[in-house]
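# Coordinate analysis (summary)
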Amino acid sequence: MPTARLLRPWGLTLAAAVSLTSAARAQTPTNLPTSMPTPQQAQTLLQERPELAAQLRQRILTSGMSAEQIRARLKAEGYPESFLDAYLPGSTAQAMPSEDVLTAVGKLGMAGESDLAMLRTMLGKGAVRADSVVVRDDVARRETPEAAELYGLALFRNQTTEFLPSLDGPVDANYRLGPGDQLVLILTGEVELAHTLDVTREGFIVIPQVGQLGVANLTLAQLEDLLYARLARSYSGVRRGADAPTKFSVSVARLRAIQVYVTGDVVRPSSYRISSASTAMTALYAAGGPTEHGSLREVTVRRGGRIVGTLDVYDYLLRGDNAKDVRLENGDVVFVRPHGPRVRVTGEVLRPATYELKEGETIRDAVTVAGGFRATAQTQRVQLERIVPAAERVAGGRDRTVLDISGGRTVAELPALAVQAGDELRVFPIAERVRDRVTVVGHVWTPGTQAIGAGLTLGGALRAAGGVRPDVYLGEVLVTRQRPDQPPLQLRAALRDSTGTPVEDLALREDDEVRVFSVTEFRPERYVAIGGSVRKGGRYPWREGITLRDLVLLAGGMREGAYLREAEVARLPADRERGATATTLRVPLDSSYLGDYRPGEAYHGAPGQPFPAFRSAPEVTLQPYDNVLIMEQPDWQLQRTVTLTGEVRFPGRYALQSKSERISDLVRRAGGLTGSADPDAAYFARVRAAASFAGEVASIEARTRVGVDLARAIARPQSDENLVLLDDDSLHVPFRRTTVEIRGAVNAPTAVTVDNGAGLGHYLRAAGGATSKGDERRAYVIQPNGKIESTRRILWIISLVPEPRAGATVVVPPREETRTSGERAATIALIAQTLASLAAVAALLR
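Parameters and conventions
- Residues numbered from 1 in each chain as written.
- Predicted model: local features only at pLDDT ≥ 70, side-chain atom pairs only at ≥ 80, totals over all residues.
- Heavy atoms only, no water.
- Helix = DSSP H or I, 4+ residues; strand = E, 2+ residues; numbered from the N terminus.
- Contact = heavy atoms within 4.5 Å.
- Areas by Shrake-Rupley, 256 points an atom, 1.4 Å probe, with all protein chains shown as cover.
- Core = buried A, V, L, I, M, F, W, Y, C linked by side-chain atoms within 4.5 Å.
- Buried < 20%, exposed > 50% of the residue type's maximum accessible area, 1.4 Å probe, protein only.
- Pairing = 2+ DSSP bridges.
- Patch = residues over 30% accessible without salt bridge, like charges linked within 9 Å, V, L, I, M, F, W, Y side chains within 5 Å.
- Salt bridge = Lys/Arg side-chain N within 4 Å of Asp/Glu carboxyl O.
- Lys, Arg positive; Asp, Glu negative; His and termini not counted.
- Polar contact = N/O pair within 3.5 Å; in protein donor to acceptor, adjacent residues only side chain to side chain.
- Axes fitted to C-alpha atoms, helices over the stretch in contact; angles between N-to-C directions.
- Phe/Tyr/Trp six-rings, centres within 6.5 Å; stacked < 30°, edge-to-face > 60°.
- Expected span 1.5 Å × (residues − 1).
- pLDDT = per-residue confidence, 0-100.

## Here we look at the overall build of the protein
Along the protein, the regular secondary structure elements total 19 helices and 37 strands. By sequence separation, contacts in the protein at least 24 residues apart represent 63% of the contacts at least 6 residues apart. Per element, the accessible surface of the protein, about 45800 Å² overall, is 52% carbon and sulfur.

Now the structure itself:
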């Protein structure tokens, strides 16, 4: 494996750097949770702490291994290949890491002991907030969440590999070489050569035919000068200038790894192996950034016991300036001290947040780092809430004070008042009220606000609003006027005509509201209704002049079978003294009400339709709230069908010839029963009344069996067994059977050959008798025709036991649960109480 691939996991590991020192291992918690959360707790924890899965994904992402390599390593370790698929880059699965997942990540070398310990602690306790970006100190109070946010920490919480420095080059000319770097030297021109040169531990490179060169601590620019001198000794064509016969180029092919220490108030203090091109910002990012107690303004880099650079993260964030971002060397220490004074800036600034300021900075600097004033800021007045210094505090709860600071139009005009820790700077907004305007609402073409000019009148405001609409209410236009220290004043004016000219024009004032009404606002929603044999019955808006023909068209036309001779119209009565609610009248119709019929053409609808002459009926004008009923032809309906199957000569789906057709008539039309038919087992089913699905044929689940003695119905057509058939009835005549089935609470449910004349006991014995939970006394028989028979007792002496016929089913139900002694005692007590009450009533009556 190339060295670059080996070093990648040890590069700028933003959240997954592996701890290499005993100090880092000492941070591993020893009180890990002894039990993992339940699935319900894990789901809740995932919703409340989505960063747990996100951090694990980040560690896998920064490991440098592809998805294929991770799956191969998992398989080699004995895990399923897809064990970590939910946490691979690009996955959208929502999964909470388990202990097994963390163990697998550790075995694959994608996280160190300290990282795994932190994840286990977060998973087990669900309360560690090391990555919190919300202030919880003395300045975290009362304001919006965005103002409580510590400015700058979000940069380190949203980790990404895009912040990693390149491990494969290129680097700038100021990069200093050291042991572990790999260079590529290419000569072109008179000599065509390419050499891969590794910097040895002693800081040398060896160039064939040139010799050994010391390059340790040289920049690339210095190395280039050295190569011009040394290569020219071996290759005469090497010299400076564009016309040199032999040219060369040198570049860094692979960067070395260095070890640095990140300490202080950071999320994960530890030692890190990172790229030699890394800077202080890179190491700080690898350690998760400062904690909420760490400083963003003073991050120092120590080398050999002295400070070689100080990083101000605000230079990155506010100005994009990385000039003071020190490039690290092996053994450097990046130290984050506790934060300095923090000031919360709220209100009308571009970035409300909590900022860390340096000693000596002022409120002017605080507003500047907050992005300056918004356009809606009241710059002349800024309020400062300050914690009184401890030496100046007095009793009585006077620990805080408020200062009003007079400012100017810009941030530069604010006074240079030094800030203190815990200060809260509030910039107030300007007034919400909009001056010098009037508002026109209601029935105009362009309602809204208007600028009030000198001499603006009601008529002018209506014209500026585009004029009134044609159906404007002329009787009154309302003008509401606001008055200081008094209730609003209501003014009014009438309009001369629909042009919007007032009869008496009014002079308008600031904040007046003009309301224009429409005539239609005062009209009730009048309607007409239609029902019966139309496609879309219901209510429709009434329009002056609407006719019955118009209403039928609005209702989608008539349905098949509509009665065309007349319709009924129910109208509100003129006289309600006798409790009348409607008067009805019959109005004539004709064939023109059929939308698909034309005079002289054949009508393809259902036969029997009366056809009054086309347009022979007069038009009927409807009045508001008329209710029209389009009647249906008497006895009109489409063919009703029944299904006949089984042992008949001609099974099929038959249409009923009349409403009085019966079962025997249907069997006769089907040619009668076959010789193998079993009429005693006929299955007759009928659609239940509730099984009506918008006119469609009901499913078999919506049917119920009706017990019918088919043999008697055929032999005696006048008997009650010969039912009148209804639409969608079905009759199935099965093949003759010779067995009886025994089921239910019996020892051996079975089917046995029928024994004519045998009673229930015979068949129960054939099934091994009833079980201990079976109630043999309540056994019953389902005869083949669907009728149910049970044992009947006369005077508790004579028992009439049913005889199962061929095809019958004997059922033994389970025994009813016996009451407990407590229930029996309660029942006896209730009976005794009832008898006592009756006795008391009888005594009173006597």
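## Regarding the nonpolar core
Judged by nonpolar contacts, the single largest core of 48 residues is most densely connected at Leu328, Val345, Tyr355, Phe373 and Leu425. Here this core takes six residues from helix H11 (residues 280–286), the largest share from any one element. Those residues in contact with Phe373, other than ones at most four positions away along the chain, are Glu348, Val367, Thr379, Val382, Thr410, Val411, Leu414 and Val427.

## Side note on the pairing of strand E7 (residues 270–275)
Taken across its six residues, E7 has five buried, putting it largely inside the fold. Inspection of the sheet shows strand E6 (residues 257–264) paired to E7 by six bridges, in the antiparallel sense. Across the sheet, the residue bridging to Ile258 is Ile274, located in E7. Linking two consecutive strands that pair antiparallel, namely E6 and E7, is a turn of five residues.

## Here we look at a nonpolar patch on the surface
Residues Ile794, Ile798 and Leu800 make up a contiguous nonpolar surface patch of about 240 Å² in total accessible area. Among the secondary structure elements, Ile794 is positioned in strand E35 (residues 792–794). With relative accessibility at 39%, the residue Ile794 sits in the partly exposed group.

## So, the side chain of Asp590
Inspection of the secondary structure assignment puts Asp590 in the loop between strand E24 (583–588) and strand E25 (627–630). Put simply, Asp590 is tucked away with no salt bridge, and the nearest opposite charge, on Arg549, sits 4.3 Å away. In this structure the side chain of Asp590 is engaged in a polar contact, spanning 2.3 Å, whose partner is the side chain of Ser592. Only 3.0 Å separates the side chain of Asp590 from the backbone nitrogen of Ser616, close enough to count as a polar contact.

## Details of the pairing of strand E4 (residues 211–214)
Within a regular beta strand, the side chains point alternately toward one face of the sheet and then the other, so they alternate between its two faces. In this structure, strand E3 (residues 204–207) lies alongside E4, joined through four bridges in antiparallel fashion. Bridging across to E4, Phe204 finds its partner in Gly214.

## Some words on the sheet that holds strand E33 (residues 780–782)
If you walk across this open sheet you meet the five strands as E32-E31-E37-E33-E34, and the pairing is mixed. At either end of the open sheet lies a strand with only one pairing partner, and these are strand E32 (750–753) and strand E34 (788–790). This sheet shows a mean twist of 25 degrees between the axes of neighbouring strands, independent of strand direction.

## Digging into the pattern of salt bridges
Enumeration over the complete set of coordinates arrives at 34 salt bridges. Here Arg240 makes a salt bridge to Asp225, at a shortest N to O gap of 2.8 Å. With Arg240 in the loop between helix H10 (220–234) and strand E5 (246–254) and Asp225 in helix H10, the pair connects residues that are 15 residues apart, well separated along the chain. By relative accessible area, Asp225 is classed as partly exposed at 41%. Its salt-bridge partner being Glu619, residue Arg615 comes within 3.4 Å of it at the nearest N-O pair. Classification of Glu619 by relative accessible area gives partly exposed; the value is 42%. One connected set of salt bridges, linked through shared partners, spans Arg297, Asp312, Lys358 and Glu361.

## Notes on the packing of aromatic side chains
Per the counting criterion, the structure on display carries eight aromatic pairs. When the ring of Tyr151 is compared with that of Tyr355, the centres are 4.9 Å apart and the planes differ by 40 degrees; the resulting orientation is tilted. One end of the pair, Tyr151, is in the loop between helix H8 (145–148) and helix H9 (154–157); the other, Tyr355, is in strand E12 (residues 353–356), with 204 residues separating them in the sequence. Residue class for Tyr355 comes out buried when judged on its relative accessible area of 1%. Considering the side-chain rings of Phe517 and Phe522, the 6.1 Å spacing of their centres and the 40 degrees angle between planes classify their relative orientation as tilted. Residue class for Phe517 comes out buried when judged on its relative accessible area of 14%. On the basis of relative accessibility, which here comes to 48%, the residue Phe522 falls in the partly exposed class. Pairwise contacts between aromatic rings join Tyr151, Tyr314 and Tyr355 into one cluster.

## Things to note about the sheet that holds E5
Spatially, E2-E1-E5 is the arrangement adopted by the three strands of the open sheet, whose pairing is antiparallel. The open sheet has two edge strands with one neighbour each: strand E2 (193–198) and E5. Each neighbouring strand pair of the sheet contributes to a mean axis angle of 20 degrees, computed without reference to strand direction. In terms of strand pairing, strand E1 (residues 182–189) meets E2 through six bridges, oriented antiparallel. Residue Leu185 lies in a different strand from E2, and its bridge partner there is His195. Packed on one face of the sheet, H10 meets E1 and E5 and runs near 140 degrees to E5.

## Observations concerning H10
Between its terminal C-alpha atoms H10 stretches 21 Å, which fits the 21 Å expected from 15 residues at 1.5 Å a residue. Within H10, burial applies to Leu220, Leu223, Leu227, Tyr228, Arg230 and Leu231. Elements in contact with the buried residues of H10: E1, E3, E4 and E5.

## What about unusual backbone geometry?
Here the phi dihedral of Asn217 falls at roughly 70 degrees; this positive angle occurs in a residue that is not glycine. Topologically, Asn217 is positioned in the loop between E4 and H10. You will see that Asp511, though not glycine, has its phi angle at about 75 degrees, which is positive. Within the element layout of this structure, Asp511 appears in the loop between strand E19 (486–493) and strand E20 (513–516).

## Examining the side chain of Arg342
Here Arg342 is to be found in strand E11 (residues 342–347). For Arg342, a relative accessible area of 7% puts it in the buried group. At 2.6 Å, the side chain of Arg342 forms a polar contact with the backbone oxygen of Glu292.

## Looking at the confidence of the model for the protein
Per-chain confidence: the protein averages 82 in pLDDT, with 84% of residues scoring 70 or above. In this model residues 1–39 is a low-confidence stretch, pLDDT under 50, and it forms 100 contacts with partners more than four residues away in sequence or in other chains. Contacts for the low-pLDDT stretch residues 125–143, under 50 throughout, to residues beyond four places or in other chains number 54 contacts.

## Some words on the environment of Leu725
By the secondary structure assignment, Leu725 is in the loop between helix H17 (710–715) and strand E30 (730–733). Taking relative accessible area as the criterion, Leu725 reaches 2% and is therefore assigned buried. A C-alpha to C-alpha distance of 9.6 Å links Leu725 and Asp665, two positions 60 residues apart in sequence. Beyond its immediate sequence surroundings of up to four residues, Leu725 is in contact with Arg640, Val642, Leu656, Lys659, Glu661, Arg662, Ile663, Leu666, Phe684 and Arg686.

## Structural notes on the environment of Ser236
Of note, Ser236 is situated in the loop between H10 and E5. The exposed category is assigned to Ser236, whose relative accessible area is 67%. Placed ten residues apart in sequence, Ser236 and Thr246 show a C-alpha to C-alpha distance of 8.0 Å.

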